[in-house]
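Close look at the chain arrangement
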Amino acid sequence: MDRRTLPTSILIGEVECPINTDYRDILDIFTIFNDPDLLDGEKIACALDYFYQTDDYKEDIDTAVKEMMSFLQMGEDDTDNKEEHVKPLYDWDQDFNIIVAPINKNMGTDIRNLDHLHWWTFFSAFMEIGESTFSTFVGIRDKLNKGKRLDKTEEKIYKDNKDKIVLKKRYDSGTQELIDEIMGRS
């Protein structure tokens, strides 16, 4: 995959397969991956159907999965660099409102008003997020994940924003219904 251009299709075998490239489409794919009601195989199948605009990718599912994952990582192959059991520092759904503000600043426009914003352009702007509420929350999460002490300012921010800083655990629908019943929520 050529990282110097913004791809809009992927070659599977000898067929050029058009893909959905808008950042909203990719965030929807991440939502699929995080759905606790789906089995891993179902997540991949749903993500592939969402990512590819035609069924042509089905000629070589293994390549289709590999190429989709490569696209999501902007053409990078970081499979060797993954640490297992690392707690996440952000959640695209939960943190969207505090992610979009610094991206808007980086892009010089409100990206939600754009008809299309390629995932790679969006992610490049995301990687350049500087000092912001998002970076503060991520810094606090990182310290908490590593068991490090928060300074006084961070402690205050954490106390005032704990419900936003703590990443919500996702449960399958049956477990969530039981939790809601026990907690008296309807």
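In this report, we go over the structure that sits alongside the text. (Residues numbered from 1 in each chain as written. Predicted model: local features only at pLDDT ≥ 70, side-chain atom pairs only at ≥ 80, totals over all residues. Heavy atoms only, no water.)

1. So, helix α2 (residues 40-51)
Turn by turn, an α-helix covers 3.6 residues, leaving residues three or four places apart pointing in a common direction. Filter applied, for reference: Comment: elements are numbered from the N terminus, with helices defined as DSSP H or I runs of at least four residues and strands as E runs of at least two. One less than the residue count of a helix, multiplied by 1.5 Å, gives the span that helix is expected to have. Contact between two residues is taken to exist if any of their heavy atoms lie within 4.5 Å; hydrogens are not considered.
In this model, α2 (twelve residues) spans 16 Å end to end at C-alpha, consistent with the 16 Å of a helix rising 1.5 Å per residue. Along its buried surface, α2 packs onto β1 (9-12), β2 (15-18), α1 (23-33) and α3 (61-72).

2. Looking at the nonpolar core
General note: in soluble globular proteins, nonpolar side chains tend to be found buried as a group. Our working definition: As used here, the term nonpolar core means buried Ala, Val, Leu, Ile, Met, Phe, Trp, Tyr and Cys residues forming a set that is joined through side-chain atoms within 4.5 Å. Throughout this description, buried means an accessible area under 20% of the type-specific maximum (1.4 Å probe, protein chains only), exposed means over 50%, and partly exposed covers the range between.
One finds F51, Y52, F71, W92, W119 and F122 to be the most contacted residues of the largest nonpolar core, which totals 35 residues. Mapped onto this core, the elements with two or more residues apiece are β1, α1, α2, α3, α4 (96-107), α5 (119-127) and α6 (133-145). Among the elements that take part in this core, α5 stands out by supplying six residues, more than any other. Other than its neighbours up to four places away in sequence, F122 contacts Y23, L27, W92, I103, I111 and L117.

3. With respect to the packing of α1 against α2
For clarity, the cut-off: To obtain an axis, a line is fitted to C-alpha atoms, over the contacting stretch when the element is a helix, and the angle between two such axes runs from 0 to 180 degrees between their N-to-C directions. Put simply, angles under 35 degrees are roughly parallel, angles over 145 are roughly antiparallel, angles from 65 to 115 are roughly perpendicular, and the rest are oblique. The classification used treats Ala, Val, Leu, Ile, Met, Phe, Trp, Tyr, Cys and Pro as nonpolar, Asp, Glu, Lys and Arg as charged, and all other residues, Gly among them, as polar.
At their nearest, the axes of α1 and α2 sit 9 Å apart, and the two run at 170 degrees to each other. For the element pair α1 / α2, the angle class is roughly antiparallel. Contact residues: D25, I26, D28, I29, I32 and F33 in α1; K43, I44, C46, A47, Y50 and F51 in α2. Looking at side-chain class alone, the contact of α1 with α2 contains nine nonpolar, no polar and three charged residues.

4. Details of the side chain of N104
With respect to the secondary-structure elements, N104 resides in helix α4. On the basis of relative accessibility, which here comes to 13%, the residue N104 falls in the buried class. In this view, N104 contacts T109, D110, I111 and R112; residues no more than four positions away in its chain are not counted.

5. Quick look at the packing of aromatic side chains
So the rule is basically this: The aromatic pairing rule takes the rings of Phe, Tyr and Trp, using the six-membered ring of Trp, and pairs them if the centres are within 6.5 Å, calling planes under 30 degrees apart stacked, those over 60 edge-to-face and the rest tilted.
The tally for this structure, following the rule as stated, stands at 18 aromatic pairs. Arranged with centres 6.4 Å apart and planes meeting at 55 degrees, the rings of W92 and F123 form a pair that is tilted. Taken together, the positions of W92 in the loop between α3 and α4 and F123 in helix α5 put the pair 31 residues apart, joining distant regions of the chain. Of the two residues, W92 and F123, both sit in the buried class. Ring centres of W92 and F126 lie 4.7 Å apart, and the angle between their planes is 50 degrees; this geometry places the pair in the tilted category.

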